[in-house]
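Summary of the model geometry
Now for the letters of each chain:
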Amino acid sequence: MINSDIALETVSLSKNYGSLAVTRDVSIRLERGARHALIGPNGAGKSTLIHQLTGVLRPDDGRVMLNGLDVTDHSVEQRVKLGLSRTFQINTLFKEFTPLESVTLAILERTGTAGKLFASARRESAAIDEAISIVRSIGLSDKDARRRVADLPYGRQRMVEIALALASKPKVLLLDEPAAGIPADESADIFNVIANLPEDVAVLFVEHDMELVFRFAKKITVLVSGALFFEGSPEAVAASDEVRKIYLGDKSHV
Ligand SMILES: Nc1ncnc2c1ncn2[C@@H]1O[C@H](COP(=O)(O)OP(=O)(O)OP(=O)(O)O)[C@@H](O)[C@H]1O
Ligand SMILES: [Mg+2]
């Protein structure tokens, strides 16, 4: 049965690395428009789970459903075409372009016009207009949008990664520590961008900073040793003695 309120779902997902069970029978649901945090101690299996959602890794068992469609056997590229996107670290090529150029190229890639010598100028100018609106939506100034990505501060570069993901018009966006390596005062900017993404885009994000998690997540899934440990609203997670004991109370894990 297709439940149209569920953007992405896993059904009893399991994965082992040799004798190590890194994903244990995990069933999670990402609602349409979700701002959903995936948290857990180091090594809990958060990134491994994200890789199985994007298609980088194959689960040993279980299914991944995207908008009700079983995509477990789909490639990364097929999933992107179906609206499942994640951020990738900007590679060196993109660093030589401006954010506006990079996002325009990504849009042309989506529309199948990239690199075509005789692609219509109208399509190209439509792509540029769309790139301008994406770049503005992530709060980049018009001036920064026209500087080389390599010359932007690191926090701004991470924002451009989100803009590149948006160029594929995702319905589901997966963000594994989107503010990693960014000074604390700038990481809230990234999360403000995430909070203000279009309402129909479901976002699943991994984040270690609990202050950011509680500020921006509407729902939280806690993963411990590869298994779902707790799930609920930020209030329910904060009120849970088990979560506090195993996870939040132990600062060495956060
Ligand atoms: N390619 C691999 N081969 C073997 N074991 C792996 C591999 N990748 C990850 N692991 C192990 O799987 C477990 C889960 O790792 P994972 O990176 O998913 O954790 P995480 O929750 O993302 O941690 P962190 O918060 O540090 O990013 C860890 O025990 C890790 O050592
Ligand atoms: Mg990780």
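The structure this text deals with has already been given above.
Quick notes on the rules
- Residues numbered from 1 in each chain as written.
- Chains lettered and ligands numbered in written order.
- Predicted model: local features only at pLDDT ≥ 70, side-chain atom pairs only at ≥ 80, totals over all residues.
- Heavy atoms only, no water.
- Helix = DSSP H or I, 4+ residues; strand = E, 2+ residues; numbered from the N terminus.
- Contact = heavy atoms within 4.5 Å.
- Core = buried A, V, L, I, M, F, W, Y, C linked by side-chain atoms within 4.5 Å.
- Buried < 20%, exposed > 50% of the residue type's maximum accessible area, 1.4 Å probe, protein only.
- Domains from an automatic or database assignment.
- Phe/Tyr/Trp six-rings, centres within 6.5 Å; stacked < 30°, edge-to-face > 60°.
- Pairing = 2+ DSSP bridges.
- Axes fitted to C-alpha atoms, helices over the stretch in contact; angles between N-to-C directions.
- Salt bridge = Lys/Arg side-chain N within 4 Å of Asp/Glu carboxyl O.
- Near = heavy atom within 4 Å.
- Polar contact = N/O pair within 3.5 Å; in protein donor to acceptor, adjacent residues only side chain to side chain.
- Nonpolar A, V, L, I, M, F, W, Y, C, P; charged D, E, K, R; others polar.

Here we look at the environment of Val-76
Inspection of the secondary structure puts Val-76 in helix H2 (residues 76–81). Linking Val-76 and Ala-131, residues 55 residues apart in sequence, is a C-alpha distance of 23 Å. If we skip the residues at most four places from it in the chain, Val-76 touches Thr-54, Gly-55 and Val-56.

Looking at the nonpolar core
With 49 residues, the main nonpolar core has Val-103, Leu-173, Ile-194, Val-203, Phe-205, Ile-220 and Val-222 as its most contacted residues. Here this core takes seven residues from helix H6 (residues 154–166), the largest share from any one element. Among the domains, domain 1 (1–83 + 170–224) and domain 2 (90–168) are the pair contributing at least three residues each to this core. The contact partners of Phe-205, leaving out residues within four places of it in the chain, are Arg-35, His-36, Ala-37, Leu-38, Leu-175, Phe-191, Phe-216 and Ala-217. Grouped together as the second largest cluster of nonpolar side chains are 22 residues, Leu-30, Ala-44, Ala-202 and Leu-204 included.

Focus on the packing of aromatic side chains
The full count for this structure, using the stated rule, is two aromatic pairs. Joined through ring pairs, the aromatic side chains of Phe-191, Phe-205 and Phe-216 make up one cluster.

Details of the sheet that holds strand E11 (residues 227–232)
Strand order in the open sheet made by the six strands is E7-E8-E9-E4-E10-E11, with mixed pairing throughout. Each edge of the sheet is formed by a strand with only one pairing partner; in this case those strands are strand E7 (84–86) and E11. Put simply, the sheet's adjacent strands are angled 20° from each other on average, direction ignored. Examined bridge by bridge, strand E4 (residues 35–39) and strand E10 (residues 219–224) share four bridges and lie parallel to one another. Paired with Leu-38 across the strands is Thr-221, a residue of E10.

Thoughts on the pattern of salt bridges
If you walk through the whole model with that rule in mind, you get 15 salt bridges. Across the salt bridge formed by Glu-96 and Arg-148, the nearest N and O atoms sit 2.6 Å from each other. Separated by 52 residues along the polypeptide, Glu-96 in helix H3 (residues 92–96) and Arg-148 in the loop between helix H5 (121–137) and H6 bring together distant segments of the chain. Under the relative-accessibility criterion, Glu-96 is labelled partly exposed at 47%. Arg-110 serves as the salt-bridge partner of Glu-130, at 2.9 Å between the closest nitrogen and oxygen. On the criterion of sequence distance, the pair formed by Glu-130 in helix H5 and Arg-110 in helix H4 (residues 99–111) is long-range, its members being 20 residues apart.

Focus on unusual backbone geometry
Here Lys-169, not a glycine, exhibits a phi torsion of approximately 55°, which is positive. Along the chain, the position of Lys-169 falls in the loop between H6 and strand E8 (172–176). Backbone geometry at Ser-225 places phi at a positive 50°, although glycine is not the residue there. Of note, Ser-225 is situated in the loop between E10 and E11. The exposure class assigned to Ser-225 is partly exposed, which follows from its relative accessible area of 45%.

Things to note about the site of ligand 1
Close to ligand 1 lie 13 residues; Asn-42, Gly-43, Lys-46, Thr-48 and His-208 are nearest. Contact distances for ligand 1 include 3.2 Å between an oxygen atom and a backbone N or O atom of Ala-44. Within the contact set of ligand 1, an oxygen atom lies 2.9 Å away from a side-chain nitrogen or oxygen of His-208. Elements supplying a minimum of two residues to the shell around ligand 1: strand E2 (20–26) and helix H1 (46–54). Per element, the largest residue contribution to the shell around ligand 1 is three residues, and it comes from H1. Tallied by class, the residues present in the shell around ligand 1 amount to five nonpolar, six polar and two charged.

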